[in-house]
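Residues per chain, in single letters:
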There are 2 protein chains.
Amino acid sequence: MRNPSLSGVRDAADAVARIALPTPLLTFEVGGTIVFAKAESLQPMGAFKLRGAWWRLVSLSPKERARGVVAFSSGNHAQGIAWAAKRLGIAATIAMPSDAPAAKLAGTRVLGADIVLFDRATESREEIAAALAAERGATLVPSFDDPWVVEGQGSAGIEAATQMAALGCAPPDLVVACCGGGGLASGMALACPDARMIVVEPEGWDDMTRSLAAGVIVPVGPNPPPTACDALMTKRVAELTFGILRARGATGVAVSETEIEDAIRFAFRTFRLVIEPGGAVALAAILSGKVVPGERTLVTLSGGNIDPDQFAAILGRGQ
Amino acid sequence: MRNPSLSGVRDAADAVARIALPTPLLTFEVGGTIVFAKAESLQPMGAFKLRGAWWRLVSLSPKERARGVVAFSSGNHAQGIAWAAKRLGIAATIAMPSDAPAAKLAGTRVLGADIVLFDRATESREEIAAALAAERGATLVPSFDDPWVVEGQGSAGIEAATQMAALGCAPPDLVVACCGGGGLASGMALACPDARMIVVEPEGWDDMTRSLAAGVIVPVGPNPPPTACDALMTKRVAELTFGILRARGATGVAVSETEIEDAIRFAFRTFRLVIEPGGAVALAAILSGKVVPGERTLVTLSGGNIDPDQFAAILGRGQ
């Protein structure tokens, strides 16, 4: 089993730099403090997931590539895998929940992936994907419980630190990252070894936050509340991502659906960016005052795949 | 009188590079052809206007700076001037139409400019601004009829060509630019001397298009139709911008309000960007088929300052 490391993250950053331009590092001000925001919503498929998908797929042997890949995802990892697979000429089969946003289903389909729909409430996506992989002899690429995927996501941190250096600024002293399974957060923890790490989750889905506080993995409760963050509805984090974050002394906070919507409207107004709910939680933690920014705080704006009617409704509720 | 030139545009690009990061160069596909899009909506104040404003203000003498600047604008030039003035510690007074989008009024005010409202239908903004400048001994900074402003806007073309070179691509062979008074279009014509130039305007406001066809400046007709492109409602272009574009053999096309809305929805879906109507006309010209892309086509996504209710309504009409 590969052990994700800073040098692996750096290699991943080099690999990603060959296929995707750096995403912009934007700034905003909160109570007189400048905060840096990494606009991963501007990746070609609209989320940071392209990073981990690319690093995993480009690391496959020719024999593995020929047998294809299988993934499960509510949409952003699906599109990342589909994007990377298309570019490398690898066949991709992806299990997606039937209630995934239409934008994410369409985005995955248009990239040429074979989509298998499942019912989020009654079926196990892990089992479906494992069965598909076994049946086809394909490589299963989990969305976060995978060392290459963690390293790949971490490339966002390398890129941000490089951009901060170009502005004459030292690396981040605080990283505030959105967290579903913890792939991005743990990758960024490796990428930014001197930063305090805070993960952000939607209220009721804050299993990483509670796991970090408890020192052991605690799954999401039996009846989690509804959330607009389809990208962060992970019921249990992995030993891999939890272990990295726990070793770093990371902590977590939970934000409300209202705080998330406020952050989406802030991003519309301030950055003219379309950010999806799951991509706005880190920003929400800062804007709500739940996380107080440090001198060099980096927040993730991790994705922008949201259906137009949902986005319009969120804008409407701000009037 | 300064004569705008390619070397002036290059100097402007150097000056702008010291205060603003390059905006992303995005790509999209139309009928198998890759097109480059310059996302100027991601400038700190949401439009390319920061470029010309910065280059003009940074070129003022200490004495001129001390006396302040005056501008008139429906909003993006206003915010560009206010942004540059704040950064340089110059007092800015800006005449804005009372029906300017709330986002633009608020954006200008928050940057510390002194705003004087006028009625677009009954008052002349040129006269109001000239009177304000005379009264205060301030420098009038027109939104397009100014050699520094033209050179500054052209820096977007230098930046885009540099980004294309980094991708192993020659400079653009076709530039499709939105056009109000022609500042951006004429600046980019200077910046990209080997490209064919096409300007795009809203239907009924296509005075540059008709002027280029006629060989003389033709103003907008007496009762122009309503348009969502508040940024492009210029009734008469300038000899300066017209002269540069005419000398280059530029042509123009007009796009409909429906085509503009389609382009805004395309940018939402494809780039996860918020683009205002006036910023989407060049994209609309490509998507509608009115302009056929060349091998290396560059289109401007020139601004993203739009009120949330207007943006939500445009998304809603796409359902």
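In this text the structure is predicted, and so the values were computed from the model without any measurement. (Residues numbered from 1 in each chain as written. Chains lettered and ligands numbered in written order. Predicted model: local features only at pLDDT ≥ 70, side-chain atom pairs only at ≥ 80, totals over all residues. Heavy atoms only, no water.)

Novice: Where do I start with the interface of chain A and chain B in this structure?
Specialist: Interfaces are often described in size by the accessible area the parts lose on coming together. Listed by partner, the interface residues are 26 residues for chain A and 26 residues for chain B. Between chain A and chain B lies a buried interface of about 1900 Å² when both sides are counted; carbon and sulfur atoms form 67% of it. If you look at where chain A meets chain B, you find zero salt bridges. Summed over the shared surface of chain A and chain B, the number is eight residue pairs in polar contact (both at pLDDT 80 or more). Counting residues per element, the ones that place at least two in the side of chain A that touches chain B are α11 (257–271) and α13 (308–316) of chain A. A class-by-class count of the residues in the side of chain A that touches chain B yields 16 nonpolar, seven polar and three charged. (Contact = heavy atoms within 4.5 Å. Buried area = accessible area lost by both parts, 1.4 Å probe. Salt bridge = Lys/Arg side-chain N within 4 Å of Asp/Glu carboxyl O. Polar contact = N/O pair within 3.5 Å; in protein donor to acceptor, adjacent residues only side chain to side chain. Helix = DSSP H or I, 4+ residues; strand = E, 2+ residues; numbered from the N terminus. Nonpolar A, V, L, I, M, F, W, Y, C, P; charged D, E, K, R; others polar.)

Novice: How should the pairing of strand β2 (residues 33–39) of chain A be read in this particular structure?
Specialist: All names here are of chain A. Most of β2 is tucked away, with five of its seven residues classed as buried. Hairpin remark: strand β1 (residues 25–30) followed by β2, antiparallel, with two residues in the connecting loop; positive phi at Gly-31, about 50 degrees. As paired elements, β2 and strand β10 (residues 297–301) share five bridges and run parallel to each other. Bridge pairing links Lys-38 to Thr-300 in β10. (Buried < 20%, exposed > 50% of the residue type's maximum accessible area, 1.4 Å probe, protein only. Pairing = 2+ DSSP bridges.)

Novice: Hey, could you run me through the sheet that holds strand β8 (residues 196–202) of chain B in this one?
Specialist: Hydrogen bonds along the backbone pair up the strands of a sheet, which may run parallel or antiparallel. Residues and elements named next belong to chain B. Ordered by their spatial adjacency, six strands build an open sheet running β1-β2-β10-β7-β8-β9, and the pairing between neighbours is mixed. Looking at strand neighbours, the two that pair on one side only are β1 (25–30) and β9 (251–255), the edges of this open sheet. In this sheet, neighbouring strand axes are inclined to one another by 25 degrees on average, regardless of whether the strands run parallel or antiparallel. Against the sheet, helix α11 (residues 257–271) engages β1, β2 (33–39), β8, β9 and β10 (297–301), with an angle of about 115 degrees to β1. (Axes fitted to C-alpha atoms, helices over the stretch in contact; angles between N-to-C directions.)

Novice: I keep staring at the nonpolar core and nothing clicks. Help me out?
Specialist: Soluble, globular proteins show a tendency: their nonpolar side chains are buried together. Counting residues in each nonpolar core, the largest one holds 148 residues, and the members touching the most others are Leu273(A), Phe311(A), Leu273(B) and Phe311(B). In this structure Phe311(A) touches Ile264(A), Phe268(A), Leu273(A), Val274(A), Ile275(A), Ile306(A), Phe268(B), Phe311(B) and Leu315(B), once residues within four positions along its chain are discounted. (Core = buried A, V, L, I, M, F, W, Y, C linked by side-chain atoms within 4.5 Å.)

Novice: Before we go on, may I ask you to explain the relation of the copies chain A and chain B in this structure?
Specialist: Between the two chain copies there is a screw-like relation: a rotation about an axis and a shift along it. Between the two copies, chain A and chain B, the superposition gives an RMSD of 0.0 Å; the rotation angle is 180 degrees and the shift along the axis is 0.0 Å. This pairing of chains is accounted for by a two-fold axis. Relative to the rotation axis, the C-alpha of Ala312(A) is the closest in chain A, positioned 2.2 Å from it. Mapped onto chain B, 100% of the interface residues of chain A again fall at the interface, so both copies present the same surface. (Least-squares fit on C-alpha atoms with pLDDT ≥ 70 in both.)

Novice: I would appreciate a short explanation of the pattern of salt bridges in the present structure.
Specialist: If the charged atoms of two oppositely charged side chains come close together, the side chains can form a pair. Residues and elements named next belong to chain A. Applying the stated rule across the entire model yields 33 salt bridges over all chains. Across the pair Glu-151 and Arg-2 runs a salt bridge whose closest N-O atoms are separated by 3.1 Å. Pair noted here: Glu-151 is in helix α7 (residues 147–166) and Arg-2 is in the segment before α1 (6–17), with a separation of 149 residues, a long-range link. Note that Lys-290 is salt-bridged to Glu-259, the shortest N-O span being 2.8 Å. Here the residue Lys-290 occupies a position in the loop between α12 (281–287) and β10, and Glu-259 occupies one in helix α11, the gap between them amounting to 31 residues. Here Lys-290 falls in the partly exposed class, since its relative accessible area comes to 36%.

Novice: Is there a simple way to explain the side chain of Asp207(A) in this structure?
Specialist: Residue and element names in this part refer to chain A. In this structure, Asp-207 sits in helix α9 (residues 207–214). No salt bridge forms around the buried Asp-207; measuring N to O, its nearest opposite-charge neighbour Arg-210 is 6.0 Å away. Excluding its chain neighbours within four sequence positions, the residues that come into contact with Asp-207 are Glu-201, Val-218, Pro-219, Val-220, Thr-234, Lys-235, Arg-236 and Val-237. (Lys, Arg positive; Asp, Glu negative; His and termini not counted.)

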